[in-house]
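# Working through the structure, step by step
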Amino acid sequence: MSSLLKYILYCLFWLSITVTSMEILSGYLLKNKYSDTLNKVRYNRTLSGYTIFENTPNFSHQTYNNGSNGLDIVTDSNGYICNRPNRDDQFLIFINGGSGAMGAGQSPRYNKLHQYPTEIYSFELSIAGILQSKLDSMFPNKYVKVVNAASYTKTMHQSYIEYITKISKLDIDMIIQIDGFNDLGPILSGHPANFISNLWLDYYVGITYSNPNITPSSTLNLLYDFFKHKGKHTKISYRTYAYDNNDKEDYKRSSSKYKTNSRRFIQLLDYYANTLSKDSVSFLYCIQPILNRTPNKVLTEKESAFANLNPLYDDMAPEEITSFIASYDEENGIILKQSMLALKYFYTDFMSDEIEQTINKNKGHFIDLGMQITQVDGNVDVYTDYCHLTQSGNNFVAEQLVNIIIQNELISNDIQL
């Protein structure tokens, strides 16, 4: 065997060993060092603070079916979730909002206290599916189709833009908007679209510390990231609120500024409600149940444990939070330091009434589910984490929606099957 051939084989051997070692190390890092970050990178939607929020069409979600043999949810050609075909004589209802409205499972961090499914609920177990089933029973002569258009992280103004650009083309009869947790930051910032745009740019652009000369998805980049930070990956939180454990008096000192900053949100909601009114689409706006809001239902032992976790920063150390807040205060003027207190008090103290007045002015309908949830028995678990619901919670919300629909005669029973 010639010396050149031996040299080539020698190089190929060590090259294969090097590449294999790198891939094994990369697999270890992905599984053990980066799993939390990777789980947060969701490619099932297109989002922008100003223009587009779309669920990806034909996207297959990991689905919780409560032991049945149901298939995983796959979004339709519009990116929505439903289980019925269209008919010319249908009564079409869209449910829009964030992950709580969608039927998302438990945030993984809360598994440490009590484990609930982390997958999204099947359509039949979601608020949309339960509502459709209940309306079938109440209106047997009506073909009611409920479409789940909600998604992770979605905010009210994004739903409004989605209605203008997409949903309004679908000849719908009613929109049920279920919001609350995701909108707190946009409300307090005074600039909802800019807030969301900056937030997601920071999260997605800053999610890795990439060498600009290395492709971000490459094995080399992963290793570069790891060794640059000496194996200690910094967890980046995409929730820009600070935890503050002071009393209501501290909240009151900032509440006037919160109220001033909320005007833009109310203005956008007014546009949304007015547009639906002009389009002869019934509008039911709901404030979702939120675990850390007060008043609330009597919490079970599990829920009380959940309430002690900070939902607004995942796992950031106090010094990291302080630095993060300072950067946002300086760059964007966003009110952050007392946002946990705002989450606890602001909807009850101010926003609920403001939202109700805005909806009523535009001939819509309103329900504060956060207040209605106080009716639930203290022995019933409703929350799986800070705002996502158990099956009992989904059922309770659907019942409240049915009550509003019947009380206000939002569905007539004049179309025969």
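Thresholds, definitions, all that
- Residues numbered from 1 in each chain as written.
- Predicted model: local features only at pLDDT ≥ 70, side-chain atom pairs only at ≥ 80, totals over all residues.
- Heavy atoms only, no water.
- Helix = DSSP H or I, 4+ residues; strand = E, 2+ residues; numbered from the N terminus.
- Expected span 1.5 Å × (residues − 1).
- Buried < 20%, exposed > 50% of the residue type's maximum accessible area, 1.4 Å probe, protein only.
- Axes fitted to C-alpha atoms, helices over the stretch in contact; angles between N-to-C directions.
- Parallel < 35°, antiparallel > 145°, perpendicular 65-115°, else oblique.
- Left-handed = near helix turned anticlockwise from the far one by under 90°.
- Contact = heavy atoms within 4.5 Å.
- Nonpolar A, V, L, I, M, F, W, Y, C, P; charged D, E, K, R; others polar.
- Salt bridge = Lys/Arg side-chain N within 4 Å of Asp/Glu carboxyl O.
- Phe/Tyr/Trp six-rings, centres within 6.5 Å; stacked < 30°, edge-to-face > 60°.
- Patch = residues over 30% accessible without salt bridge, like charges linked within 9 Å, V, L, I, M, F, W, Y side chains within 5 Å.
- Areas by Shrake-Rupley, 256 points an atom, 1.4 Å probe, with all protein chains shown as cover.
- pLDDT = per-residue confidence, 0-100.

## Focus: helix H10 (residues 263-278)
Taking 1.5 Å per residue as the helical rise, H10 with its 16 residues ought to reach 22 Å, and the 22 Å between its terminal C-alpha atoms agrees with that figure. Every buried residue of H10 is listed here: Phe265, Ile266, Leu268, Leu269, Asp270, Tyr272, Ala273, Thr275 and Leu276. A positive backbone phi angle near 60° is found at Ser280, which sits one or two residues after H10.

## Some details on the packing of helix H5 (residues 156-165) against H10
Relative orientation of the contacting elements H5 and H10 amounts to 30°, with a least axis distance of 10 Å. By the angle between their axes, H5 is roughly parallel relative to H10. Our pair here, H5 against H10, has a crossing hand that is left-handed. Note on element contacts: H10 touches H5 through Phe265, Leu268, Leu269, Tyr271, Tyr272, Thr275 and Leu276, opposite Met156, His157, Ser159, Tyr160 and Tyr163. For the contact of H5 with H10, a count of residues per class yields nine nonpolar, three polar and no charged.

## Topic: the pattern of salt bridges
Using the criterion set out here, one finds eight salt bridges in the structure. For the salt bridge of Arg84 with Asp136, the shortest nitrogen-to-oxygen distance reads 2.3 Å. Within this pair, whereas Arg84 is found in the loop between strand E3 (63-64) and strand E4 (91-97), its partner Asp136 is found in helix H4 (residues 127-138), the two being separated by 52 residues in sequence.

## Observations concerning the packing of aromatic side chains
Enumeration according to the criterion identifies 15 aromatic pairs in this entry. Note on Tyr64 and Tyr121: the rings are 6.0 Å apart at their centroids and 65° apart in plane angle, and the pair reads as edge-to-face. A residue pair is termed long-range when its members are at least 10 positions apart, and Tyr64 in strand E3 and Tyr121 in strand E5 (residues 120-121) qualify at 57 residues. By relative accessible area, which is 7% here, Tyr121 ends up buried. Summarising the aromatic geometry, the rings of Tyr251 and Tyr345 are spaced 5.5 Å apart at their centres and angled 35° between planes, so their arrangement reads as tilted. Remark: Tyr345 occurs in helix H13 (residues 339-361) and Tyr251 occurs in helix H9 (residues 248-261); sequence separation between them is 94 residues.

## Section: a nonpolar patch on the surface
Together, Leu4, Leu5, Tyr7, Ile8, Leu9, Leu12, Leu15 and Val19 line one region of the surface with nonpolar side chains, adding up to about 770 Å² of accessible area. Among the secondary structure elements, Val19 is positioned in helix H1 (residues 3-32).

## Some thoughts on the confidence of the model for the chain
Averaged over every residue, the pLDDT of the chain is 80; residues scoring 70 or more account for 73%. With pLDDT under 50 throughout, residues 204-224 is counted as low confidence; its partners more than four residues away or in other chains account for 39 contacts. Scored below 50 in pLDDT, residues 324-336 shows 29 contacts in the model against residues more than four places distant or in partner chains.

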